[in-house]
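What follows is each chain in one-letter form.
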Amino acid sequence: MAIKRLEAIIRPEKLELLRASLEKVGYPGMTVTEVLGHGMQRGVEQQWRGSRYKTYFLPKVKVEMVVLDKHLKKLVAVILDVCQSGNVGDGKIFVSDVKEVIRIRTKEKAAKAI
């Protein structure tokens, strides 16, 4: 059975709604990391006390999950439904192959370890 790594870079304010939505469809397990970055917009220009300045790296959240290939489309659909606003900065989803998974506690491998 094929295993995939699903990584989504999203807006921080979408995290709690995404967590709840993924839990509803049966995927409560994820790793979350606070990250900084920018895409094509290359940051934003802001104003503070009359001075304008540019913030190049914006706060984002990276959500990572290792899933069975048969569940991938459903999970991508949930992420898109929750996180897509149609505005610049909504984020990206990356999907990659996972060669092997081993649960440390039980030494189970592959699909049993997910």
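The structure this text deals with has already been given above.
Here's what I pulled together on the structure shown here. Note that this is a predicted model, so its numbers are computed, not measured.

## So, the packing of helix 1 (residues 15-24) against helix 2 (residues 72-83)
Put simply, helix 1 and helix 2 touch, their axes get as near as 10 Å, and they point 145 degrees apart. For helix 1 against helix 2, the interelement crossing comes out right-handed. Here helix 1 contributes Leu-17, Leu-18, Ser-21 and Leu-22 to the contact with helix 2, which in turn contributes Leu-75, Val-78, Ile-79, Val-82 and Cys-83. Classifying every residue of the contact of helix 1 with helix 2 by side-chain character gives eight nonpolar, one polar and no charged.

## As for the sheet that holds strand 5 (residues 58-68)
Taken together, four strands build an open sheet; the order of strands is 2-5-1-6 and the sheet is antiparallel. The outermost strands of the open sheet, each flanked by one partner alone, are strand 2 (31-37) and strand 6 (91-97). Here the average twist between neighbouring strands, direction ignored, is 20 degrees. Relative to strand 5, strand 1 (residues 3-10) is paired through eight bridges, and the arrangement is antiparallel. Across the sheet, Ile-9 pairs through a bridge with Lys-62, a residue of strand 5. Against the sheet, helix 1 engages strand 1, strand 2 and strand 5, with an angle of about 10 degrees to strand 5. Contacts between helix 2 and the sheet are confined to strand 1, strand 5 and strand 6, with strand 1 contributing the most and set at about 5 degrees to the helix.

## Considerations on a nonpolar patch on the surface
A surface patch of nonpolar side chains, about 370 Å² in accessible area, is lined by Leu-36, Tyr-56 and Phe-57. Looking at the secondary structure, you find Leu-36 in strand 2. When its relative accessible area of 61% is taken as the criterion, Leu-36 is described as exposed.

## Comments concerning the pattern of salt bridges
Scanning the model with the defined rule gives eight salt bridges in all. Here Lys-109 ties to Glu-100 by a salt bridge, and the two come within 3.9 Å at their closest N and O atoms. On the basis of relative accessible area, Glu-100 is assigned to the exposed category, the value being 52%. Sharing partners across several salt bridges, the network here consists of Glu-16, Arg-19 and Glu-23.

## Description of unusual backbone geometry
Of note in the backbone geometry, Lys-107 takes a positive phi value of approximately 65 degrees without being a glycine. Along the chain, Lys-107 turns up in the segment after strand 6. Even without being glycine, Ala-110 reaches a positive phi, approximately 55 degrees. Of note, Ala-110 is situated in the segment after strand 6. Judged by its relative accessible area of 38%, Ala-110 is partly exposed.

Cut-offs and rules
- Residues numbered from 1 in each chain as written.
- Predicted model: local features only at pLDDT ≥ 70, side-chain atom pairs only at ≥ 80, totals over all residues.
- Heavy atoms only, no water.
- Axes fitted to C-alpha atoms, helices over the stretch in contact; angles between N-to-C directions.
- Helix = DSSP H or I, 4+ residues; strand = E, 2+ residues; numbered from the N terminus.
- Left-handed = near helix turned anticlockwise from the far one by under 90°.
- Contact = heavy atoms within 4.5 Å.
- Nonpolar A, V, L, I, M, F, W, Y, C, P; charged D, E, K, R; others polar.
- Pairing = 2+ DSSP bridges.
- Patch = residues over 30% accessible without salt bridge, like charges linked within 9 Å, V, L, I, M, F, W, Y side chains within 5 Å.
- Areas by Shrake-Rupley, 256 points an atom, 1.4 Å probe, with all protein chains shown as cover.
- Salt bridge = Lys/Arg side-chain N within 4 Å of Asp/Glu carboxyl O.
- Buried < 20%, exposed > 50% of the residue type's maximum accessible area, 1.4 Å probe, protein only.

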